[in-house]
Amino acid sequence: MKLRARAETLLWGAQRASAAVLAVCVLAHLATILYAVRGGLTAAEILSRTRGSFALAFFYGLFVLAVAVHAPVGLRAILRETFGWRGVPLDLGTAAFAGFLVWFGWRAVAGLFA
Amino acid sequence: MADTIDARIWRGGADGRFETFSVPRRASQTVLDVVTYIQRKLDPTLSYRFACRVGMCGSCAMTVNGKPRWTCRTHVARLEDGPLTVEPLRNLPRIKDLAADMAPFFDKWAKAGGRFVPSTDAEADFAIVEPASAERRAADAGIECIGCAVCYSACDLVSWNPDYLGPAALNRAWTLVNDVRDAGNADRLDAVAGDAGCHACHSQQSCREHCPKSLNPTASIAGLKRATLRAAWKGGP
(Lines give C-alpha, C1' and ligand atoms only; values in the text may rest on other atoms or scores of the structure.)
Protein backbone atom coordinates (compact mmCIF):
# COMPACT_ATOMS: atom_id res chain seq x y z
CA MET A 1 0.00 0.00 0.00
CA LYS A 2 1.02 3.59 -0.48
CA LEU A 3 2.30 5.32 2.64
CA ARG A 4 -0.66 7.66 3.14
CA ALA A 5 -3.28 4.95 2.62
CA ARG A 6 -1.38 2.62 4.91
CA ALA A 7 -1.04 5.25 7.64
CA GLU A 8 -4.74 6.12 7.50
CA THR A 9 -5.69 2.45 7.64
CA LEU A 10 -3.38 1.68 10.56
CA LEU A 11 -4.69 4.71 12.46
CA TRP A 12 -8.22 3.41 11.93
CA GLY A 13 -7.13 -0.02 13.14
CA ALA A 14 -5.40 1.49 16.17
CA GLN A 15 -8.57 3.34 17.08
CA ARG A 16 -10.63 0.15 16.87
CA ALA A 17 -8.08 -1.83 18.89
CA SER A 18 -7.86 0.91 21.54
CA ALA A 19 -11.67 0.94 21.73
CA ALA A 20 -11.61 -2.75 22.60
CA VAL A 21 -9.03 -2.10 25.34
CA LEU A 22 -11.06 0.85 26.64
CA ALA A 23 -14.23 -1.23 26.86
CA VAL A 24 -12.49 -3.60 29.28
CA CYS A 25 -10.70 -0.81 31.17
CA VAL A 26 -13.83 1.28 31.71
CA LEU A 27 -15.79 -1.71 33.01
CA ALA A 28 -12.96 -2.75 35.33
CA HIS A 29 -12.56 0.86 36.52
CA LEU A 30 -16.29 1.25 37.29
CA ALA A 31 -16.49 -2.14 38.99
CA THR A 32 -13.49 -1.28 41.14
CA ILE A 33 -15.00 2.06 42.18
CA LEU A 34 -18.36 0.51 43.06
CA TYR A 35 -16.65 -2.22 45.10
CA ALA A 36 -14.12 0.00 46.83
CA VAL A 37 -16.43 2.78 48.05
CA ARG A 38 -19.17 0.62 49.53
CA GLY A 39 -18.29 1.67 53.08
CA GLY A 40 -16.82 5.07 52.20
CA LEU A 41 -13.23 5.74 51.28
CA THR A 42 -10.81 8.58 52.12
CA ALA A 43 -8.00 9.87 49.90
CA ALA A 44 -5.48 8.49 52.40
CA GLU A 45 -7.06 5.04 52.21
CA ILE A 46 -6.97 5.14 48.40
CA LEU A 47 -3.31 6.11 48.36
CA SER A 48 -2.43 3.44 50.91
CA ARG A 49 -3.76 0.84 48.49
CA THR A 50 -2.36 2.27 45.26
CA ARG A 51 1.19 3.14 46.36
CA GLY A 52 3.65 0.54 45.24
CA SER A 53 1.00 -1.45 43.36
CA PHE A 54 2.49 -2.51 40.04
CA ALA A 55 -0.84 -4.04 39.01
CA LEU A 56 -2.55 -0.66 39.42
CA ALA A 57 0.24 1.16 37.61
CA PHE A 58 0.09 -1.30 34.72
CA PHE A 59 -3.71 -1.21 34.48
CA TYR A 60 -4.06 2.58 34.57
CA GLY A 61 -0.95 3.04 32.43
CA LEU A 62 -2.62 0.90 29.78
CA PHE A 63 -5.89 2.78 30.28
CA VAL A 64 -4.14 6.10 29.65
CA LEU A 65 -2.34 4.74 26.60
CA ALA A 66 -5.63 3.50 25.09
CA VAL A 67 -7.22 6.92 25.68
CA ALA A 68 -4.21 8.65 24.14
CA VAL A 69 -4.56 6.55 20.98
CA HIS A 70 -8.35 6.51 20.74
CA ALA A 71 -9.26 10.13 21.44
CA PRO A 72 -6.83 11.94 19.08
CA VAL A 73 -7.68 9.67 16.12
CA GLY A 74 -11.38 10.31 16.71
CA LEU A 75 -10.80 14.03 17.23
CA ARG A 76 -8.86 14.14 13.95
CA ALA A 77 -11.80 12.58 12.10
CA ILE A 78 -14.28 14.96 13.74
CA LEU A 79 -12.20 18.03 12.88
CA ARG A 80 -11.86 16.88 9.27
CA GLU A 81 -15.54 16.17 8.92
CA THR A 82 -16.89 19.19 10.78
CA PHE A 83 -14.45 21.92 9.78
CA GLY A 84 -12.82 20.45 6.69
CA TRP A 85 -9.35 20.69 8.26
CA ARG A 86 -6.74 18.62 6.46
CA GLY A 87 -3.00 18.15 6.14
CA VAL A 88 0.09 18.43 8.31
CA PRO A 89 -1.21 21.01 10.86
CA LEU A 90 -4.12 18.72 11.69
CA ASP A 91 -1.82 15.69 12.00
CA LEU A 92 0.66 17.57 14.19
CA GLY A 93 -2.08 19.12 16.31
CA THR A 94 -3.78 15.82 17.06
CA ALA A 95 -0.38 14.13 17.65
CA ALA A 96 0.38 16.88 20.19
CA PHE A 97 -2.99 16.20 21.82
CA ALA A 98 -2.01 12.53 22.08
CA GLY A 99 1.26 13.54 23.73
CA PHE A 100 -0.65 15.79 26.13
CA LEU A 101 -2.94 12.93 27.16
CA VAL A 102 -0.05 10.50 27.68
CA TRP A 103 2.02 12.99 29.67
CA PHE A 104 -0.71 14.12 32.06
CA GLY A 105 -2.30 10.67 32.26
CA TRP A 106 0.90 8.86 33.17
CA ARG A 107 1.81 11.69 35.55
CA ALA A 108 -1.44 11.04 37.39
CA VAL A 109 -0.74 7.30 37.47
CA ALA A 110 2.75 7.97 38.82
CA GLY A 111 1.19 10.18 41.50
CA LEU A 112 -0.93 7.27 42.69
CA PHE A 113 1.93 4.75 42.49
CA ALA A 114 4.87 6.63 43.98
CA MET B 1 -59.44 9.94 -1.05
CA ALA B 2 -59.34 12.91 -3.45
CA ASP B 3 -59.57 12.24 -7.19
CA THR B 4 -56.49 14.33 -7.81
CA ILE B 5 -52.97 14.50 -6.41
CA ASP B 6 -51.35 17.82 -5.56
CA ALA B 7 -47.82 17.30 -6.86
CA ARG B 8 -45.16 19.82 -5.78
CA ILE B 9 -42.44 19.54 -8.41
CA TRP B 10 -39.01 21.20 -8.31
CA ARG B 11 -38.49 23.53 -11.25
CA GLY B 12 -35.21 25.09 -12.34
CA GLY B 13 -31.66 24.48 -11.11
CA ALA B 14 -30.13 25.08 -7.71
CA ASP B 15 -31.99 28.39 -7.37
CA GLY B 16 -35.32 26.99 -8.46
CA ARG B 17 -38.66 26.69 -6.71
CA PHE B 18 -41.56 24.30 -6.30
CA GLU B 19 -44.48 24.39 -8.69
CA THR B 20 -47.73 22.60 -7.85
CA PHE B 21 -49.64 20.54 -10.41
CA SER B 22 -52.96 18.77 -10.07
CA VAL B 23 -52.74 15.23 -11.44
CA PRO B 24 -55.63 12.70 -11.73
CA ARG B 25 -55.29 9.82 -9.28
CA ARG B 26 -55.09 6.36 -10.87
CA ALA B 27 -54.90 2.78 -9.62
CA SER B 28 -51.35 1.41 -9.19
CA GLN B 29 -49.96 4.85 -10.04
CA THR B 30 -46.25 5.37 -9.53
CA VAL B 31 -44.44 8.63 -8.85
CA LEU B 32 -42.89 8.28 -12.30
CA ASP B 33 -46.41 8.04 -13.75
CA VAL B 34 -47.27 11.34 -12.04
CA VAL B 35 -44.16 13.07 -13.37
CA THR B 36 -44.75 11.65 -16.84
CA TYR B 37 -48.39 12.83 -16.79
CA ILE B 38 -47.24 16.36 -15.96
CA GLN B 39 -44.67 16.33 -18.75
CA ARG B 40 -47.05 14.86 -21.34
CA LYS B 41 -50.28 16.70 -20.43
CA LEU B 42 -49.54 19.80 -18.36
CA ASP B 43 -46.06 21.17 -19.01
CA PRO B 44 -43.86 19.72 -21.76
CA THR B 45 -40.87 21.76 -20.55
CA LEU B 46 -40.51 19.58 -17.43
CA SER B 47 -37.15 17.77 -17.46
CA TYR B 48 -36.60 14.42 -15.79
CA ARG B 49 -34.75 11.19 -16.45
CA PHE B 50 -36.02 7.64 -16.87
CA ALA B 51 -35.49 4.64 -19.13
CA CYS B 52 -36.73 1.15 -18.30
CA ARG B 53 -39.71 1.93 -15.99
CA VAL B 54 -39.37 -1.51 -14.35
CA GLY B 55 -36.66 -1.03 -11.72
CA MET B 56 -33.70 -2.27 -13.72
CA CYS B 57 -31.85 0.73 -15.11
CA GLY B 58 -31.47 3.03 -12.09
CA SER B 59 -32.24 6.18 -14.08
CA CYS B 60 -35.37 7.54 -12.42
CA ALA B 61 -34.32 8.03 -8.79
CA MET B 62 -35.52 11.29 -7.26
CA THR B 63 -36.21 12.72 -3.82
CA VAL B 64 -39.84 11.93 -3.05
CA ASN B 65 -41.35 13.45 0.07
CA GLY B 66 -37.85 14.09 1.39
CA LYS B 67 -36.49 10.59 0.81
CA PRO B 68 -34.48 9.24 -2.12
CA ARG B 69 -36.47 6.59 -3.98
CA TRP B 70 -36.74 4.90 -7.37
CA THR B 71 -39.82 6.58 -8.78
CA CYS B 72 -40.81 3.82 -11.22
CA ARG B 73 -41.44 1.37 -8.37
CA THR B 74 -42.75 3.84 -5.78
CA HIS B 75 -46.54 3.72 -5.66
CA VAL B 76 -48.26 6.98 -4.77
CA ALA B 77 -50.92 5.14 -2.75
CA ARG B 78 -48.22 3.74 -0.43
CA LEU B 79 -46.68 7.12 0.37
CA GLU B 80 -47.45 9.35 3.31
CA ASP B 81 -50.70 11.38 3.22
CA GLY B 82 -50.54 14.97 1.99
CA PRO B 83 -49.12 16.59 -1.11
CA LEU B 84 -46.57 14.70 -3.17
CA THR B 85 -43.23 16.49 -3.25
CA VAL B 86 -40.66 15.55 -5.89
CA GLU B 87 -37.13 16.99 -6.16
CA PRO B 88 -33.85 15.90 -7.76
CA LEU B 89 -31.54 13.61 -5.77
CA ARG B 90 -29.66 15.22 -2.90
CA ASN B 91 -25.83 15.48 -2.90
CA LEU B 92 -25.68 15.94 -6.69
CA PRO B 93 -25.70 19.16 -8.76
CA ARG B 94 -29.17 20.08 -10.03
CA ILE B 95 -29.20 20.48 -13.81
CA LYS B 96 -32.83 21.40 -14.42
CA ASP B 97 -36.11 20.46 -12.76
CA LEU B 98 -35.87 16.81 -11.65
CA ALA B 99 -32.65 15.94 -13.48
CA ALA B 100 -29.53 15.74 -11.31
CA ASP B 101 -26.00 15.65 -12.74
CA MET B 102 -24.82 12.07 -12.18
CA ALA B 103 -21.21 12.76 -13.28
CA PRO B 104 -19.74 13.19 -9.75
CA PHE B 105 -21.42 9.95 -8.69
CA PHE B 106 -19.96 7.86 -11.52
CA ASP B 107 -16.59 9.65 -11.43
CA LYS B 108 -16.23 8.27 -7.91
CA TRP B 109 -16.82 4.72 -9.16
CA ALA B 110 -13.71 5.19 -11.30
CA LYS B 111 -11.78 6.80 -8.42
CA ALA B 112 -12.63 3.84 -6.17
CA GLY B 113 -11.07 1.39 -8.63
CA GLY B 114 -14.43 0.26 -9.96
CA ARG B 115 -12.96 -0.93 -13.25
CA PHE B 116 -12.31 -4.67 -13.67
CA VAL B 117 -8.59 -5.40 -14.17
CA PRO B 118 -8.19 -8.76 -15.91
CA SER B 119 -5.55 -11.09 -14.50
CA THR B 120 -5.34 -13.10 -17.73
CA ASP B 121 -5.33 -12.23 -21.42
CA ALA B 122 -8.18 -12.85 -23.84
CA GLU B 123 -6.68 -16.18 -24.92
CA ALA B 124 -7.14 -17.73 -21.48
CA ASP B 125 -9.91 -20.24 -20.85
CA PHE B 126 -12.99 -19.35 -18.82
CA ALA B 127 -12.26 -18.79 -15.14
CA ILE B 128 -14.02 -21.21 -12.85
CA VAL B 129 -15.47 -19.44 -9.83
CA GLU B 130 -16.99 -21.77 -7.29
CA PRO B 131 -20.51 -20.43 -6.48
CA ALA B 132 -20.27 -21.51 -2.84
CA SER B 133 -16.86 -19.91 -2.24
CA ALA B 134 -16.66 -17.10 0.33
CA GLU B 135 -15.40 -14.62 -2.27
CA ARG B 136 -18.18 -15.40 -4.71
CA ARG B 137 -20.86 -15.09 -2.02
CA ALA B 138 -19.42 -11.77 -0.86
CA ALA B 139 -19.42 -10.46 -4.43
CA ASP B 140 -22.94 -11.77 -5.03
CA ALA B 141 -24.24 -9.84 -2.03
CA GLY B 142 -23.36 -6.52 -3.65
CA ILE B 143 -23.42 -7.22 -7.37
CA GLU B 144 -27.07 -6.33 -8.08
CA CYS B 145 -26.46 -2.59 -7.71
CA ILE B 146 -28.27 -0.68 -10.48
CA GLY B 147 -26.31 2.56 -10.01
CA CYS B 148 -29.38 4.64 -9.14
CA ALA B 149 -27.49 6.87 -6.63
CA VAL B 150 -30.24 6.53 -4.01
CA CYS B 151 -27.62 5.47 -1.44
CA TYR B 152 -25.35 8.36 -2.44
CA SER B 153 -28.23 10.76 -1.96
CA ALA B 154 -29.17 9.22 1.39
CA CYS B 155 -25.62 9.36 2.80
CA ASP B 156 -25.00 12.23 5.25
CA LEU B 157 -21.26 11.71 4.94
CA VAL B 158 -21.38 12.70 1.27
CA SER B 159 -23.03 15.97 2.25
CA TRP B 160 -20.37 16.61 4.92
CA ASN B 161 -17.38 15.60 2.78
CA PRO B 162 -17.86 16.09 -0.97
CA ASP B 163 -14.75 13.97 -1.62
CA TYR B 164 -16.23 10.92 0.09
CA LEU B 165 -16.51 8.15 -2.49
CA GLY B 166 -19.95 7.10 -1.33
CA PRO B 167 -21.68 3.79 -0.67
CA ALA B 168 -22.23 2.67 -4.27
CA ALA B 169 -18.64 3.20 -5.43
CA LEU B 170 -17.29 1.44 -2.35
CA ASN B 171 -19.77 -1.39 -2.79
CA ARG B 172 -18.56 -1.79 -6.37
CA ALA B 173 -14.94 -1.86 -5.17
CA TRP B 174 -15.82 -4.57 -2.65
CA THR B 175 -17.37 -6.79 -5.33
CA LEU B 176 -14.13 -6.50 -7.32
CA VAL B 177 -11.95 -7.15 -4.25
CA ASN B 178 -13.81 -10.47 -4.09
CA ASP B 179 -13.55 -11.19 -7.82
CA VAL B 180 -10.89 -13.88 -8.06
CA ARG B 181 -10.33 -13.03 -11.75
CA ASP B 182 -9.35 -9.43 -10.93
CA ALA B 183 -5.75 -8.24 -10.55
CA GLY B 184 -6.31 -4.64 -9.47
CA ASN B 185 -6.56 -4.88 -5.71
CA ALA B 186 -3.25 -3.18 -4.89
CA ASP B 187 -4.35 0.11 -6.45
CA ARG B 188 -7.98 -0.42 -5.44
CA LEU B 189 -7.24 -0.78 -1.72
CA ASP B 190 -5.08 2.35 -1.88
CA ALA B 191 -7.95 4.20 -3.53
CA VAL B 192 -10.60 3.22 -0.99
CA ALA B 193 -8.53 3.83 2.18
CA GLY B 194 -8.63 7.07 4.14
CA ASP B 195 -11.04 9.85 5.01
CA ALA B 196 -12.58 9.97 1.54
CA GLY B 197 -12.96 6.21 1.52
CA CYS B 198 -14.16 3.33 3.62
CA HIS B 199 -12.64 4.49 6.91
CA ALA B 200 -14.83 7.58 6.93
CA CYS B 201 -18.06 5.56 7.00
CA HIS B 202 -19.99 5.93 10.28
CA SER B 203 -22.00 2.76 9.65
CA GLN B 204 -25.26 4.67 10.10
CA GLN B 205 -26.72 2.44 7.37
CA SER B 206 -28.83 5.07 5.64
CA CYS B 207 -27.62 3.50 2.38
CA ARG B 208 -28.94 0.13 3.44
CA GLU B 209 -32.21 1.65 4.64
CA HIS B 210 -32.92 3.33 1.31
CA CYS B 211 -31.39 0.95 -1.25
CA PRO B 212 -34.26 -0.07 -3.55
CA LYS B 213 -32.51 -3.37 -4.27
CA SER B 214 -32.18 -4.13 -0.54
CA LEU B 215 -28.39 -4.28 -0.79
CA ASN B 216 -26.21 -3.49 2.20
CA PRO B 217 -23.37 -1.15 1.16
CA THR B 218 -22.46 -0.67 4.82
CA ALA B 219 -21.49 -4.34 4.99
CA SER B 220 -19.42 -3.96 1.82
CA ILE B 221 -17.66 -0.96 3.33
CA ALA B 222 -16.99 -2.96 6.51
CA GLY B 223 -15.44 -5.63 4.28
CA LEU B 224 -13.18 -3.00 2.71
CA LYS B 225 -12.13 -1.83 6.16
CA ARG B 226 -11.03 -5.37 7.01
CA ALA B 227 -9.32 -5.88 3.64
CA THR B 228 -7.39 -2.59 3.84
CA LEU B 229 -6.34 -3.32 7.42
CA ARG B 230 -4.99 -6.72 6.38
CA ALA B 231 -3.11 -5.12 3.49
CA ALA B 232 -1.74 -2.30 5.65
CA TRP B 233 -0.63 -4.75 8.34
CA LYS B 234 1.23 -6.89 5.84
CA GLY B 235 2.48 -3.86 3.92
CA GLY B 236 1.13 -5.21 0.63
CA PRO B 237 -2.22 -5.69 -1.16
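Residues numbered from 1 in each chain as written. Chains lettered and ligands numbered in written order. Predicted model: local features only at pLDDT ≥ 70, side-chain atom pairs only at ≥ 80, totals over all residues. Heavy atoms only, no water.

Novice: So what's going on with the overall build of chain A? Residues and values would help.
Specialist: A count of helices and strands for chain A gives 4 helices and 0 strands. Walking chain A from its N terminus toward its C terminus, one meets helices and strands in the order α-α-α-α. For chain A, whose C-alpha radius of gyration is 17 Å, the value lies well above the compact-globule estimate of 13 Å for 114 residues. A principal-axis box enclosing the C-alpha atoms of chain A has dimensions of 55 × 25 × 20 Å. Residues counted as buried form 26% of the 114 residues belonging to chain A. Of the contacts formed within chain A by residues at least 6 apart in sequence, a portion of 80% connects residues at least 24 apart. In the structure as shown, chain A presents an accessible area of about 7,200 Å², 76% of it carried by carbon and sulfur atoms. Here chain A contributes 11 positive and 4 negative side-chain charges, whose respective centroids are spaced 4 Å apart. (Helix = DSSP H or I, 4+ residues; strand = E, 2+ residues; numbered from the N terminus. Rg over C-alpha atoms; globule rule 2.2 N^0.38 Å. Buried < 20%, exposed > 50% of the residue type's maximum accessible area, 1.4 Å probe, protein only. Contact = heavy atoms within 4.5 Å. Areas by Shrake-Rupley, 256 points an atom, 1.4 Å probe, with all protein chains shown as cover. Lys, Arg positive; Asp, Glu negative; His and termini not counted. Charge placed at Lys NZ, Arg CZ, Asp CG, Glu CD.)

Novice: Just give me the short version of the nonpolar core, but keep the residues and values in it.
Specialist: If you look at the biggest cluster of nonpolar residues, it comprises 58 residues, and the most contacted ones within it are L84, Y164 and L224 of chain B. Considering every element that reaches this core, the biggest residue donor is helix α6 (residues 167–177) of chain B, with 6 residues. When we break this core down by domain, the ones giving at least three residues each are domain 1 (4–100) and domain 2 (103–234) of chain B. Here L224 of chain B is in contact with L170, A173, W174, V177, L189, V192 and C198 of chain B, once residues within four sequence places are set aside. With 8 residues, the next largest nonpolar core counts L22, C25, Y60 and V64 of chain A among its residues. (Core = buried A, V, L, I, M, F, W, Y, C linked by side-chain atoms within 4.5 Å. Domains from an automatic or database assignment.)

Novice: Pulling in residues and values, what's your account of the side chain of N171 of chain B?
Specialist: Within the secondary structure, N171 of chain B is located in helix α6. Assessed through its relative accessible area of 3%, N171 of chain B is described here as buried.

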